[in-house]
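Coordinates in review
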Amino acid sequence: MSDTPAGCPPADLQAAIAAFQRHAFTALLAGGAPRVADVAEIASRETLGVAHAIAWLEDHGQLERDGELLVGAHGLTRRPTSHSLTIGGHSLNTWCAYDAVAIPVALGATARATTSCPACQSPLAVDIHAGQLPHAHTPVLWMPTGPCDRVIDDFCPYANLFCNGEHVQDWRRAAGDPDGQVLTLARVPELAGTAWADIATLR
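Note that the structure is a prediction, hence the values are computed from the model and not measured.

The rules we used
Residues numbered from 1 in each chain as written. Predicted model: local features only at pLDDT ≥ 70, side-chain atom pairs only at ≥ 80, totals over all residues. Heavy atoms only, no water. Core = buried A, V, L, I, M, F, W, Y, C linked by side-chain atoms within 4.5 Å. Buried < 20%, exposed > 50% of the residue type's maximum accessible area, 1.4 Å probe, protein only. Helix = DSSP H or I, 4+ residues; strand = E, 2+ residues; numbered from the N terminus. Pairing = 2+ DSSP bridges. Contact = heavy atoms within 4.5 Å. Axes fitted to C-alpha atoms, helices over the stretch in contact; angles between N-to-C directions. Arc of directions from axis to C-beta. Polar contact = N/O pair within 3.5 Å; in protein donor to acceptor, adjacent residues only side chain to side chain.

Comments concerning the nonpolar core
Most often, soluble globular proteins keep nonpolar side chains buried together rather than apart. Counting residues in each nonpolar core, the largest one holds 66 residues, and the members touching the most others are Phe-20, Tyr-98, Phe-155, Val-188 and Trp-196. With nine residues, helix H4 (residues 97–107) is the single largest residue contributor to this core.

What to know about the sheet that holds strand S9 (residues 161–162)
Read from one edge to the other, the open sheet built from three strands follows the order S9-S8-S10, with strand pairing classed as antiparallel. Pairing within the sheet leaves two strands with one partner each, and these edge strands are S9 and strand S10 (180–184). As paired strands, strand S8 (residues 140–144) and S9 are joined by two bridges and run antiparallel to one another. Residue pairing in the sheet places Leu-141 in a bridge with Leu-161 of S9. Packed on one face of the sheet, helix H6 (residues 165–175) meets S8, S9 and S10 and runs near 35° to S8.

So, H6
Among the residues making up H6, those that are buried are His-167, Val-168, Trp-171 and Arg-172. Projection of H6 onto a plane perpendicular to its axis shows the buried side chains occupying an angular sector of 140°, all on one side. Turned more than 90 degrees off the buried face of H6, the exposed positions are Glu-166, Arg-173 and Ala-174. Tucked inside the fold, the buried residues of H6 contact S8, S9 and S10. For H6, the side-chain oxygen to backbone nitrogen distance between the N-cap and Glu-166 is 3.1 Å, and the N-cap itself is Asn-164. Phi for Gly-176, located one or two positions after H6, is positive at around 85°.

See the structure below:
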């Protein structure tokens, strides 16, 4: 997920954050495992303040690294998760189910997003064709709206797809009634267009 849930970064870092995220995302999308320093160097050719941007992203749970290596950024991760998408010949993991369906939409790509319903553990798959989601009432998306200081920790574990609305309510009761709202897949394009606006040029 992008920076929206945790709030907007300082104005003087927005250009640097956007540049670093775009190049980090591009590398991960291609199946690469770049060094953070290499991505920072490329981003620094476009703007100033990249080192501060990286620190902000890490502090707000929007960047994963393993030592010098970039592990996750902008919704994609090399870490094993319960959510994945197959796109451009690559199978990639995502931070949450929302990322798995929203990223291909933002890219206007053809992909398959896979995850499972947290209530019943049934596997779920969503096929996206040229950025278009299926016209279906299910599955449904739970979009968290509670406090979010760190995206990976506070948002992503809850931004899931469910078989239907009844399963959402079953899960909410068991999870202590967290804040959020049930959305149909029809809402995803609007959200994705905002959250991943910086990667639209990769189409």
